[in-house]
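One letter stands for each residue in the lines below.
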Amino acid sequence: MLMTLGTPPSEAETDAWHDVIAAAHLQDVPASVPEPGRTETAGKLRVQPPHARMLRLVWAAPDGSYDGVAALLLFTEEGNRHTALLDALVVRPEARRRGVGARLWSAIRAELTADGRTSVSTMLELGGAGEAFVDGLGFGKALPLAWYVQRVREANTRLPQARLPDGYRFEDWNGVVPDALAEEFARAHDVMRDAPGGVEERTPRWDAERVRGAARLVDDRGGIILTSVVLAEADGAGEGVDRVAAYTELVLRDPSHTRALQYDTVVVPEHRGRGLGRAVKRHLLGRLAERHPRVREISTTVADDNAPMLAVNAALGYRRERPAAIFQAKL
């Protein structure tokens, strides 16, 4: 039976949703990849993202458990109201090949059409059940990428301490950016608008409130976000303001996780070619080991055509784990 998940969901609904996600993970993802924690699942279901409306559907079995779940993110900002993100469409392994996924997709597509959306994208593992499912639904591969993994202890032992050129210094924080750096941090975030793309979602311009909101979302969902920046120190000329030359972010979506997620790493164009990307990632690696010693690995995705970041990660000891891609369908 098709149902819309409660907002916010009950504990029982959260458990039923998480059971599907965890069972599919064990079936579809290599054993080396830690399964998602319930804290992560509950946080995503409980806290709505900014600038979007969420639709969450379930296919319930007669005993009240869920055979499948689907989550659709409908962007509400100007410039992205034509598109959406299929955040999840997952069927419990033992319930597959019974039409559950097709029924969920039919309901999702009807919502997309009714809401005037003309495209939808999703991120999938290559060669798995998800890719096979969308193959006949009009989805095409828009951005090939891969997951890469770095072992924290090995990297901290092997790599020399981070060093910066004269005139630069590191600064770190947990959670939301300090007020004094918010505007500069937003300016550096805006550089991500020139990152490799391929999908129709447009990256809106970042401002101070937007970067604060992104960090609050991680916090509100029960996770932890760590940030390190490289500041270009003011020389006394002009406004005398320290500028964010580079930054990197790490996230633990569940504090109990032993694998952290590498979020953005950016070097502002006028500061490129000085090793700042590698330095700031190495610096945050050390902070992570000090503050969260139980974390054993860091994982990240990098687009196949992002040669500069692939080179940085290779120098830091990241190894390719598994291929993935962002798929997109025109409606």
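Everything here concerns the structure above.
These lines cover the structure that appears in this document, whether it is placed above or below. (Residues numbered from 1 in each chain as written. Predicted model: local features only at pLDDT ≥ 70, side-chain atom pairs only at ≥ 80, totals over all residues. Heavy atoms only, no water.)

### Remarks on the overall build of the protein chain
When its secondary structure is counted, the protein chain shows nine helices and twelve strands. For 331 residues, the compact-globule estimate of 2.2 N^0.38 gives 20 Å, and the protein chain sits close to it at 21 Å. The buried share of the protein chain, taken over its 331 residues, is 50%. A separation of at least 24 residues holds for 73% of the contacts in the protein chain among residues at least 6 apart in sequence. Counting 43 positive and 46 negative side-chain charges, the protein chain places the centres of these two groups 4 Å from one another. (Helix = DSSP H or I, 4+ residues; strand = E, 2+ residues; numbered from the N terminus. Rg over C-alpha atoms; globule rule 2.2 N^0.38 Å. Buried < 20%, exposed > 50% of the residue type's maximum accessible area, 1.4 Å probe, protein only. Contact = heavy atoms within 4.5 Å. Lys, Arg positive; Asp, Glu negative; His and termini not counted. Charge placed at Lys NZ, Arg CZ, Asp CG, Glu CD.)

### Considerations on the nonpolar core
Among the nonpolar cores identified, the biggest contains 23 residues, and Leu72, Trp105, Ile108, Leu112, Val120 and Phe139 are the most heavily contacted of them. Of all elements in the fold, only strand S2 (52-60), strand S3 (66-75), strand S4 (83-91), helix H3 (100-114), strand S5 (119-125) and strand S12 (319-330) reach the threshold of two or more residues within this core. Among the elements that make up this core, the one with the highest residue count is H3 (six residues). Excluding anything up to four places from it in sequence, Val120 contacts Leu72, Thr83, Ala84, Leu85, Leu86, Trp105, Leu112, Phe139, Phe327, Gln328, Ala329 and Leu331. Membership of the second largest hydrophobic core comes to 19 residues, among which are Ala146, Tyr148, Leu284 and Val295. (Core = buried A, V, L, I, M, F, W, Y, C linked by side-chain atoms within 4.5 Å.)

### Side note on H3
Each full turn of the α-helix corresponds to 3.6 residues, which orients residues three or four apart in the same direction. Relative to the 21 Å expected for 15 residues at 1.5 Å per residue, H3 spans 21 Å between its end C-alpha atoms, a close match to the ideal helical length. Buried within H3 we find Val100, Gly101, Leu104, Trp105, Ala107, Ile108 and Leu112. The buried residues of H3 occupy an angular sector of 160° when projected down its axis, which confines them to one face. Away from its buried face by more than 90 degrees, H3 exposes Thr113 and Ala114. Phi turns positive one or two residues past the end of H3, at Gly116, with a value near 80°. (Expected span 1.5 Å × (residues − 1). Arc of directions from axis to C-beta.)

### Considering helix H7 (residues 208-220)
Across its 13 residues, H7 extends 18 Å between first and last C-alpha, which sits within 8% of the 18 Å expected from 1.5 Å per residue. Ala208, Arg210, Val211, Arg212, Gly213, Ala215, Leu217 and Val218 are the residues of H7 that are buried. Buried residues in H7 make contact with helix H6 (182-189), strand S8 (224-232) and strand S9 (243-252). Once H7 ends, the next one or two residues include Gly222, with phi positive near 95°.

### Details of the side chain of Thr83
For Thr83, the location among the structural elements is in strand S4. Once residues lying within four places of it in the same chain are set aside, the contact partners of Thr83 are Phe75, Arg117, Ser119, Val120 and Glu201.

### Side note on the sheet that holds strand S10 (residues 259-267)
Think of a sheet as strands paired side by side through backbone hydrogen bonds, with each pair either parallel or antiparallel. One open sheet accounts for twelve strands, arranged S1-S2-S3-S4-S5-S12-S6-S11-S10-S9-S8-S7; its pairing is mixed. Single-partner strands in this sheet number two, and they are strand S1 (2-4) and strand S7 (168-174). Between one strand and the next, the sheet's axes are offset by a mean angle of 25°, whatever the strand orientation. Of the strand pairs in this sheet, S1 and S2 are connected by three bridges, and their pairing is antiparallel. What sits directly across from Met3, in S2, is Val58. H6 contacts S7, S8, S9 and S10 of the sheet and is inclined by roughly 85° relative to S9. (Pairing = 2+ DSSP bridges. Axes fitted to C-alpha atoms, helices over the stretch in contact; angles between N-to-C directions.)

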